[in-house]
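# Survey of secondary and tertiary structure
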Amino acid sequence: MPEVFPALPLLFGALAAVLTRGRLRAVLMLAAPVVGAYCVWTLAPGTTAHIELLGYDLTPLRVDTLSTLFGYLFHLAAFLGVVYSLHLKDTPQLVASLAYAGCAVGAVFAGDLLSLFIFWELLAVTSAVLVCARGDDRALGAGVRYLLVQVASGVLLLAGTIVYARAGNSLDFNAIGTDAPGGWLILAAFGIKSAFPLVHNWLTDAYPESSPTGTVFLTSFTTKVAIYALARGFAGTELLVYVGATMACFPIFYAVVANDLRRVLAYSLINQLGFMVVGIGVGTQLAVNGAVAHACTDVLFKGLLMMSMGAVLHVTGEMRASELGGLYKKMPKTALLCMVGAASISAFPLFSGFVSKSMIVTAVLHEGYDWIWLALLFAAAGVFHHAGIKIPFFAFFSHDSKHVKTAHEPPTNMLVAMSISAALCIGIGCFPRMLYGLLPYAVDYSPYDITHVLTQMQLLAFSALAFTSLKLYHVYPPELRSIHLDAQWMYRRLAPSALRWVFLRLRGIDSALRSFSLATLSRVADGVARHHGPGGILARSWPTGSMMLWMATLLGLTLLLYYF
Amino acid sequence: MSGDDKQYVFDKPANVRRVIQGLLAVCLVLVGLDFVVHRHVVHPWEGVFGFYAMYGFVGCVVLVLLAKGLRRIVMRTEDYYDPATGYPGDEEEGGDA
């Protein structure tokens, strides 16, 4: 079979979702990621395809171990997402989902910055459709804000690319670094999509507003493409270690108090991205392997958690912790699957998070970043606290909510998608070689030694103990109907208020200026009227006789002067 | 509370107590293993007895206390940004606030 551009099957799947309906559509949509993954499998590392465009040599296809790994990952995520949304009849959402996944695949196989930019922007547009999928005012507002931020990231990427290329560099997308011309612009573009601190709020704003199925897709692609881009372009940039540690730590405070459970997961997504960014910043083979491996396991366990919360939302129409609880009585399977995801994200031994997160933490410790190591340990304990315990506890246990009466298990396809994800989480956790074999560098690492397992279990068990005691002694903050201000306050409140203040001041100055000029004008008009108006001195008509008299006087005077 | 009168696992306080006791037992065993198991150590603090256990517990307590403090500063009502649009899920309740 000749090499096929690996994004095409998913994009054709999106087209098929437009043209077909019913069972045929389901079959075609399920087939698309499978065929796509097969295409990735047929591509030998080192394969490239070139096209000439406007005098630039572009490489829309470049195959190596890093792109292949993400290629498989995205097809797997797309497949799970399609299974999860099989019950859905909403054509625009289904089309956008597959097109979005296709663009993500295109982005990781793009061999040059211009091709990357094209897919980068297509990702923004297709995913914005998913953010708006619910169709209410909140979702539309979030979608517009989301699109603005994503397009800004694209513009920065394009600007950086132009500066980079004009300095005589080839457009090939390899290691860039911050010293390269345009490097900071490109890093900023990647940083926005990776949810760096202060530019992270698009994620926690938009993802929880999407539909149950839309959020599952959103969680899997945009941020992972950004992590891929960082790993390729900026591995070993030390700044990223500190940025990543900040990302790992600050969102967990928000996650503890956030009420919307998918918002809790969105904050915890940033926290997981923080681990990956630290790994990329450290830049050793073990660290980058850990970052990439963690991106893979995160797609699975975060996807699983989002799916389980999506199932709760689908069944109850509610996502706020303050309004949920007790659902284990009616949704035991969902609760169990959710707990598998929770155990994985918390990095329990034998679950997937453990085998990837421990690589990053080990690399950080061996490179001598002591404070960063402590920060990551704190973040790891915090993850268990908010994602591992809070999510299942407040959704499925805690006090009985009014939804318990009417709740039931979600549609079978949702359960199947969650079960496959859960099986993969446990599979990777128990047999990490499955994953390690696909990593960009050869791995000589085993997570399962007694020290690792014991210390991790101690950390987690005592986090759980802390949660339990705080809950028992009523120190734990109650779930309240509320939102919490974050960086978006700056552009949703501060900037509009500042503009309003400026315009109010300007209006004062403006009206003063206007009345002053009106007064001046009317004064001028009065003056003109006085002098030139009827009876004005300059507008009086003179009789011809007086002119003749004056002429005669002048002539007489001339005559007199002439004589003397 | 639920419509049917079926008793579920955690409706019985005894079962909740059992879970908590189980957790306590697990914690004790894990710390106890520090006596028996010789851990290999990269950073000197790792060697301190029960370091990970203590760090996990204290870290989480600090996390929650700081988060409570954070809440005092940044918590707002649900309609803070957009008073016109309610929260999804509230429609069928007839606008209770």
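Computed from a predicted model, the values in this text were never measured in an experiment. (Residues numbered from 1 in each chain as written. Chains lettered and ligands numbered in written order. Predicted model: local features only at pLDDT ≥ 70, side-chain atom pairs only at ≥ 80, totals over all residues. Heavy atoms only, no water.)

This brings us to the overall build of chain A. Looking only at helices and strands, one finds 21 helices and three strands in chain A. For chain A, the spread of C-alpha atoms along the three principal axes comes to 135 × 60 × 55 Å. Within chain A, contacts between residues separated by at least 24 positions form 80% of all contacts whose residues are at least 6 apart in sequence. In the structure as shown, chain A presents an accessible area of about 22,100 Å², 71% of it carried by carbon and sulfur atoms. A distance of 13 Å separates the average location of the 35 positive side-chain charges in chain A from that of its 28 negative side-chain charges. (Helix = DSSP H or I, 4+ residues; strand = E, 2+ residues; numbered from the N terminus. Contact = heavy atoms within 4.5 Å. Areas by Shrake-Rupley, 256 points an atom, 1.4 Å probe, with all protein chains shown as cover. Lys, Arg positive; Asp, Glu negative; His and termini not counted. Charge placed at Lys NZ, Arg CZ, Asp CG, Glu CD.)

Tallying the contact residues gives 68 residues for chain A and 56 residues for chain B. Across the chain A/chain B interface, buried area totals approximately 6,000 Å², and carbon plus sulfur atoms make up 70% of it. Summed over the three residues of chain A that lose the most area to chain B, namely R138, F462 and I483 of chain A, the buried surface amounts to 11% of that side. For R320 of chain A, the salt bridge identified is with E78 of chain B, shortest N-O distance 3.0 Å. For the pair chain A and chain B, the interface holds 16 residue pairs in polar contact (both at pLDDT 80 or more). (Buried area = accessible area lost by both parts, 1.4 Å probe. Salt bridge = Lys/Arg side-chain N within 4 Å of Asp/Glu carboxyl O. Polar contact = N/O pair within 3.5 Å; in protein donor to acceptor, adjacent residues only side chain to side chain.)

Our focus in this paragraph is the packing of aromatic side chains. All names here are of chain A. Across all of its chains, the model carries 33 aromatic pairs over all chains by this definition. Between F70 and Y228, the aromatic rings sit 5.5 Å apart at their centres with planes inclined by 65°, giving edge-to-face as the arrangement. Here F70, found in helix α3 (residues 65–84), pairs with Y228, found in helix α10 (residues 222–233); they are 158 residues apart in sequence, far enough to count as distant. Grouping residues by exposure puts F70 and Y228 together as buried. Seen in terms of ring centroids, F467 and Y476 are 5.0 Å apart; in terms of plane orientation they differ by 65°. Their pairing is edge-to-face. (Phe/Tyr/Trp six-rings, centres within 6.5 Å; stacked < 30°, edge-to-face > 60°. Buried < 20%, exposed > 50% of the residue type's maximum accessible area, 1.4 Å probe, protein only.)

Time to look at the domain arrangement of chain B. Residues and elements named next belong to chain B. By domain assignment, chain B separates into domain 1 (8–37) and domain 2 (38–76). Listed as interface residues are five residues of domain 1 and, on the opposing side, five residues of domain 2. When domain 1 packs against domain 2, close to 450 Å² is buried across both sides, 62% of that on carbon and sulfur atoms. Inspection of the region where domain 1 meets domain 2 yields zero salt bridges. For the pair domain 1 and domain 2, the number of links is one residue pair in polar contact (both at pLDDT 80 or more). Across the side of domain 1 that touches domain 2, the residue classes break down as four nonpolar, no polar and one charged. (Domains from an automatic or database assignment. Nonpolar A, V, L, I, M, F, W, Y, C, P; charged D, E, K, R; others polar.)

Within the secondary structure, R263 of chain A sits in helix α12 (residues 261–282). R263 of chain A sits in the buried class, given a relative accessible area of 14%.

Residues and elements named next belong to chain A. Residues M547, M548, M551, L554, L557, L559, L560, Y563 and F564 make up a contiguous nonpolar surface patch of roughly 1,100 Å² in combined accessible area. In this fold, F564 is placed in the segment after α21 (544–563). Under the relative-accessibility criterion, F564 is labelled exposed at 82%. (Patch = residues over 30% accessible without salt bridge, like charges linked within 9 Å, V, L, I, M, F, W, Y side chains within 5 Å.)

Another point: the state of the cysteines. As used here, a disulfide is simply a covalent bond connecting the sulfur atoms of two cysteines. Residues and elements named next belong to chain B. According to the stated counting rule, one finds zero disulfides over all chains in the structure shown. Between C27, a cysteine without a disulfide, and C60, which holds the nearest cysteine sulfur, the sulfur-to-sulfur distance is 11 Å. The class for C27 is buried, based on a relative accessible area of 2%. (Disulfide = S-S within 2.5 Å.)

We now examine the packing of helix α4 (residues 91–109) of chain A against α10 of chain A. All names here are of chain A. Two elements in contact, α4 and α10, have axes whose closest approach is 10 Å; the angle formed by their N-to-C orientations is 0°. With respect to each other, α4 and α10 are oriented roughly parallel. On the side of α4, the interface is formed by Y100, A104, A107 and V108, while α10 contributes T222, V225 and Y228. Its residues assigned to classes, the contact of α4 with α10 shows six nonpolar, one polar and no charged. (Axes fitted to C-alpha atoms, helices over the stretch in contact; angles between N-to-C directions. Parallel < 35°, antiparallel > 145°, perpendicular 65-115°, else oblique.)

Another aspect to go through is the environment of A53 of chain B. Here A53 of chain B shows up in helix α2 (residues 51–74). Residue classification places A53 of chain B among the buried positions, given a relative accessible area of 4%. In sequence terms A53 of chain B and A67 of chain B are 14 residues apart; their C-alpha atoms lie 21 Å from each other. Excluding its chain neighbours within four sequence positions, the residues that come into contact with A53 of chain B are Q458 and F462 of chain A together with V31 of chain B.

Let's shift gears to the nonpolar core. Within soluble globular proteins, side chains that are nonpolar generally end up buried alongside one another. Grouped together as the largest cluster of nonpolar side chains are 210 residues, with contacts concentrated most on F190 and F396 of chain A. Counting residues per element, this core draws most heavily on helix α13 (residues 285–316) of chain A, at 19 residues. When residues of this core are sorted by domain, at least three fall in each of domain 1 (8–37) and domain 2 (38–76) of chain B. Not counting the four nearest positions on each side in its chain, F396 of chain A is found in contact with M309, V312, G325, G326, L327, Y328, M331, T334, A335 and C338 of chain A. (Core = buried A, V, L, I, M, F, W, Y, C linked by side-chain atoms within 4.5 Å.)

Residues and elements named next belong to chain A. For the structure shown, the criterion picks out 15 salt bridges over all chains. As a salt-bridge pair, R263 and E209 come within 3.4 Å of each other at their nearest N and O atoms. Residue R263 is located in helix α12, and its partner E209 is located in the loop between α8 (201–206) and α9 (212–220); the two are separated by 54 residues in the primary sequence. One continuous salt-bridge network, built from bridges that share partners, spans R134, R138, E209 and R263.

Residue and element names in this part refer to chain A. The buried count for helix α7 (residues 183–193) comes to eight of 11 residues, which makes it a mostly enclosed element. Along α7, the residues that are buried comprise G183, I186, L187, A189, F190, G191, I192 and K193. Its buried side turned inward, α7 meets α5 (113–131), α6 (137–166), α8, α10 and α11 (239–257). Looking one or two residues beyond α7, the residue adopting positive phi is A195, at roughly 60°.

Turning our eyes to something else, we now look at the environment of A407 of chain A. Residue and element names in this part refer to chain A. By the element assignment, A407 lies in the loop between α16 (370–396) and α17 (412–430). Residues A407 and E209 lie 198 residues apart in sequence; the distance between their C-alpha atoms is 22 Å. The contact partners of A407, leaving out residues within four places of it in the chain, are V315, L327 and K330.

Here we take up the pairing of strand β2 (residues 56–62) of chain A. On a regular strand, each side chain points to the face opposite its neighbour's, so the side chains alternate between the two faces of the sheet. Residues and elements named next belong to chain A. Counting buried positions over the seven residues of β2 gives five, a clear majority of the element. Note: strand β1 (residues 48–53) against β2, five bridges, orientation antiparallel. Counted as the bridge partner of T48 is R62 from β2. The hairpin turn running from β1 into β2, its antiparallel successor, is two residues long, and L54 in that turn takes a positive phi close to 50°. (Pairing = 2+ DSSP bridges.)

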